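Spelled out from the first residue to the last, the chains are:
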Amino acid sequence: MVETLSRFQFAFTIAFHFIFVPLTVGLILIIVLFEARYYFKGDDKFRRLSNYFSDIFLINYAFGIVTGIAMTIQFGTNWANYSIAMGDVFGSPLVLEAIIAFFLESTFTGIWLFRRHRISKRLRLLVVSMIAVGTTLSALWIITANGFMQNPVGAVWTGEKMELVNFAKIVFNPYAWHMLLHNHLSAIILSGFAVLAISSWHLLKGKEEDREVFITAAKYAAWILLFSSILIPFSGSSYLSFINGVQSSKVAMITGSEVGGLKTVVRIAFGFMVTLGTVFIVISLYTVIFFKKFTVSKTLQKIYMYLVPLPYLTIMAGWMVTEMGRQPYIIYGYMKVSEGISDVPVSQIWFSVISIFVFYALLFIMDYALTMQRIKKGLVEPDGGANNE
Amino acid sequence: MNDTLGIILYFVIGLSWTVYVVQEMFITGSSALNLSVAKDDGERKQIQVASGLHFDGIEVWLVGSIALLFASFPLAFAEIFTHLYIPFFLLVYALIGRGLSIEFIYKMESKRWIRSMSIIWAVSSIAIMLILGIYLTNIFYGFPIGADGMEKGFGSIFNVTGISGGLLFVLTSLVAGAAWIKLSTSGELGDKAMAFVKKIGIIYTIPIMLLLVFMGFNNTEASIFIGELFTASPALFALPALTVIFAIHTTYYGYRGKAASTFRFALMTLAFFLITGFVGMYPYMLPSYIDTQYGITLFDAMALKNSLLVIVIAVGIFFPIIIFYQSWKYVRFTKKVNYNDE
């Protein structure tokens with residue numbers, strides 16, 4: 001029971017955390033692009049776009065941060081035996097993530113959230129760039145840790161414990177780099193869809209004077225979407241051929257040569273991801289080619305508004321392939337998930353599972369309500385606090 | 001070599017906790033006061049804008065302290081987080097509540113939303129300090145560790161010393177928070193905050209709580225005052241003595257209404273409290289008050305040389321950088337927050 005509940009809790013909390021992560025990771029890169037255009041061209045349109053999408057970024061960033069703290073704590077509360085066995089190897093990327101990435105992004109989002117209307121153009125660009133560097137480095141380090149669990153290199157297994165031998169090998173683990181690239185591209189695709197959908201909403205229902213600005217945003221999103229969705233199959237196929245050499249059982253599940261239970265789920269999730277990935281290429285090509293039509297067609301705009309869940313589902317499917325595909329291992333080939341759990345009374349885990357479930361349901365409603373109402377408020381200028389900015 | 005790295009990281013974790021707590025205390029303290037001293041949303045927003053700027057960058061010191069414990073002393077991390085399973089989840093909920101309320105209180109226009117967010121903001125801020133105070137005080141006080149591990153459930157942390165420690169953290173934070181409001185906002189808000197902590201007597205409780213905790217420490221087998229370092233060099237007793245002196249100064253300057261000095265001494269009180277604790281319990285990560293031999297020392301818990309080396313190098317490079325840009329941020333944004341600033 002302890003194992004089942006702990007598995008459920010981790011799957012639930014990480015999936016919930018990952019609602020917010022890809023949007024922030026991708027959106028901040030788009031914001032940097034807008035902010036750079038504003039800095040170099042001085043076009044005020046881009047400042048307004050950057051401010052607008054920053055509000056949406058900041059809402060989701062805050063939810064990402066707080067649900068991320070729950071992840072860190074759980075290594076100790078629910079996965080104590082894993083932590084003891086893996087502390088030597090898993091701990092250092094986590095420390096590096098905290099001190100290199102978290103500090104950078106958190107220090108500068110504070111400025112972005114509470115002072116961005118009162119700083120110079122140059123400082124604005126510096127602040128958003130620091131946040132972008134922070135979020136990217138944060139992804140790098142946590143994926144380094146995950147990459148080790150998928151493909152353990154640079155350490156030796158003593159039978160009880162992983163011992164670090166070569167830290168450079170852990171950092172340059174090809175598994176992690178494949179994953180990072182694939183993950184970042186998918187985050188950019190998702191953010192492209194989000195920007196396109198939000199712009200569509202404004203073209204449909206927003207203020208007339210904002211039209212031109214959101215057509216620009218949609219154009220950027222469409223091109224970003226096109227590049228990233230064309231690149232992602234290349235990253236995916238080289239990732240897969242690498243996995244072929246190191247995780248044969250995962251590949252067997254993907255190809256369907258091993259079936260039953262979770263294995264079938266992996267196969268279906270993989271098929272789902274690849275199919276939608278292909279659909280994304282078609283959609284983005286269509287958008288770029290018929291962009292003029294998009295700006296006037298209400299039907300197209302309405303369709304784009306409802307496409308946003310697709311990239312989220314695709315990303316979830318991708319992670320299901322990655323994580324279910326390595327079962328029953330927590331460290332591939334060495335340690336099973338069942339060996340990693342904590343020695344905690346089951347009643348306490350019930351407490352956390354139930355309370356998290358209720359709490360996160362509230363958070364989801366909050367995030368949705370906050371994001372939606374911010375989207376609909378449109379472009380606003382600071383007005384001495386009256387607008388509650 | 002191995003031991004040296006472990007000892008360095010033991011004190012790095014102590015430092016990281018200290019840097020975290022001395023900053024978090026004025027953020028949570030000012031947040032908790034929002035209900036009592038802000039007469040309207042304009043004033044509440046002054047507190048939000050002053051504290052919101054820094055809270056996220058400060059909270060990372062907590063995540064950093066936990067990650068450092070995980071990486072450097074995995075055994076201690078696993079042991080304590082499993083034992084305090086429920087308190088840590090409560091801490092997470094408090095952190096979530098505070099993080100979201102401080103950022104989103106004014107992101108919706110409904111009066112009910114603003115009202116509930118301001119309550120969540122105050123309550124979660126107090127909860128953070130209470131839980132951290134109880135946790136850290138118990139770390140210094142010791143745990144019921146016997147030959148076969150923990151002999152009691154997590155309820156044992158709610159002993160008199162632990163609770164006094166929790167209250168010490170909360171009350172000192174309120175005083176530091178009041179002084180922070182005075183220092184970082186314009187208008188009459190700051191004076192009201194300083195008057196509030198004086199009028200209801202919070203400033204007088206700090207030395208009393210501190211003495212209760214110190215007396216509690218002395219009541220156990222694991223007393224930090226008979227620990228390795230205090231026994232070896234009695235000069236270290238200057239640390240607890242200074243803590244008491246700073247606590248009395250906090251009261252004195254709070255009484256005189258001098259915000260800058262109150263602020264400084266309130267921060268120093270908790271800083272020296274933590275330094276005293278970490279020095280006193282050395283070399284234990286988790287002392288046992290049943291019998292000291294069952295305590296978990298840093299040498300029992302530490303990771304192996306290669307891992308410790310990576311962490312020491314990373315900390316050596318990045319802590320100075322972090323301290324540099326976070327200090328820059330304090331200096332760059334010293335301007336007081338006005339009524340109706342965004």
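Residues numbered from 1 in each chain as written. Chains lettered and ligands numbered in written order. Predicted model: local features only at pLDDT ≥ 70, side-chain atom pairs only at ≥ 80, totals over all residues.

### Considerations on the overall build of chain B
The helix and strand inventory of chain B stands at 14 helices and four strands. Relative to the 2.2 N^0.38 estimate, which gives 20 Å for 342 residues, the radius of gyration of chain B is 20 Å and therefore close to what a compact globule would have. A total of 342 residues make up chain B; the buried ones form 61% of that total. For chain B, the proportion of contacts with a sequence separation of at least 24, taken over those separated by at least 6, is 80%. (Helix = DSSP H or I, 4+ residues; strand = E, 2+ residues; numbered from the N terminus. Rg over C-alpha atoms; globule rule 2.2 N^0.38 Å. Buried ≥ 20, exposed ≤ 12 C-beta atoms within 10 Å, placed from the backbone. Contact = placed C-beta atoms within 7 Å.)

### Brief notes about the overall build of chain A
A count of helices and strands for chain A gives 13 helices and four strands. Here the C-alpha atoms of chain A give a radius of gyration of 22 Å, agreeing with the 21 Å that 2.2 N^0.38 yields for 389 residues. Along the first, second and third principal axes, the C-alpha set of chain A runs to 65 × 45 × 40 Å. In chain A, the proportion of contacts linking residues at least 24 apart, taken out of those at least 6 apart, comes to 80%.

### Overview of the interface of chain B and chain A
Across the boundary between the two partners, chain B contributes 55 residues, which contact 55 residues of chain A. Within the residue set of the side of chain B that touches chain A, elements represented by two or more residues are α3 (41-72), α4 (74-83), α5 (85-104) and α14 (305-332) of chain B. The biggest single contributor to the side of chain B that touches chain A is α3(B), with 16 residues. For the side of chain B that touches chain A, the per-class residue count stands at 36 nonpolar, ten polar and nine charged. (Nonpolar A, V, L, I, M, F, W, Y, C, P; charged D, E, K, R; others polar.)

### A short note on helix α11 (residues 238-256) of chain B
All names here are of chain B. In this model α11 runs 26 Å from its N-terminal to its C-terminal C-alpha over 19 residues, within 8% of the 27 Å that 1.5 Å per residue would give. For α11, the set of buried residues is Pro240, Thr243, Phe246, Ala247, Thr250, Thr251, Tyr253 and Gly254. Next to the buried residues of α11 lie α7 (160-184), α8 (189-199), α9 (202-217) and α12 (259-281). Within two residues after α11, Gly257 carries a phi angle of roughly 75°, on the positive side. (Expected span 1.5 Å × (residues − 1).)

### Some words on the environment of Tyr306(A)
Mapped onto the elements, Tyr306(A) comes out in the loop between α11 (298-305) and α12 (309-324). Spatially, the C-alpha atoms of Tyr306(A) and Phe193(A) are 9.8 Å apart, while their sequence positions differ by 113 residues.

### With respect to unusual backbone geometry
Note that the residue after Gln327(A), namely Pro328(A), is joined by a cis bond; omega there is 5°. Looking at the secondary structure, you find Pro328(A) in the loop between α12 and β3 (329-331). Going from Tyr282(B) to Pro283(B), the amide bond is cis rather than trans, its omega being 5°. Structurally, the position occupied by Pro283(B) is in the loop between α12 and β3 (284-286).

### Structural notes on the environment of Thr4(B)
All names here are of chain B. Its location among the elements puts Thr4 in helix α1 (residues 2-32). Classification of Thr4 as exposed rests on a count of 10 C-beta atoms within 10 Å. Distance from Thr4 to Leu308, taken between C-alpha atoms, is 9.8 Å for residues 304 residues apart in sequence.

### Structural notes on the packing of α3(B) against α14(B)
Residues and elements named next belong to chain B. At their nearest, the axes of α3 and α14 sit 12 Å apart, and the two run at 175° to each other. Here α14 runs roughly antiparallel to α3, going by the angle between their axes. Only Ser307, Leu308, Ile311, Gln326 and Lys329 of α14 make contact with α3, whose side of the interface consists of Gly57, Ala71 and Ser72. Taken together, the residues of the contact of α3 with α14 sort by class into three nonpolar, four polar and one charged. (Axes fitted to C-alpha atoms, helices over the stretch in contact; angles between N-to-C directions. Parallel < 35°, antiparallel > 145°, perpendicular 65-115°, else oblique.)

### What about the environment of Asn338(B)?
Residue and element names in this part refer to chain B. Within the fold, Asn338 resides in the segment after α14. Look at Asn338 and you get partly exposed, because 14 C-beta atoms sit within 10 Å. Considering only alpha carbons, one finds Asn338 and Ser186, 152 residues apart in sequence, at a separation of 5.3 Å.

### Some words on the packing of helix α6 (residues 111-141) of chain B against α7(B)
All names here are of chain B. Two numbers describe how α6 lies on α7: the axes approach to 7 Å, and their chain directions differ by 135°. It follows from the interaxial angle that α6 and α7 lie oblique. You can see that α6 and α7 cross each other, and the crossing is right-handed. In this structure, α6 contributes Ile126, Met129, Leu130, Leu132, Gly133, Ile134, Leu136, Thr137, Asn138 and Tyr141 to the contact, and α7 contributes Thr161, Gly162, Ile163, Gly165, Gly166, Leu168, Phe169, Val170 and Ser173. In the contact of α6 with α7, the residues fall into eleven nonpolar, eight polar and no charged. (Left-handed = near helix turned anticlockwise from the far one by under 90°.)

### Details of the confidence of the model for chain A
Chain-level statistics for chain A give a pLDDT mean of 89 and a share of 98% at 70 or above. In this model residues 385-389 of chain A is a low-confidence stretch, pLDDT under 50, and it forms eleven contacts with partners more than four residues away in sequence or in other chains. (pLDDT = per-residue confidence, 0-100.)

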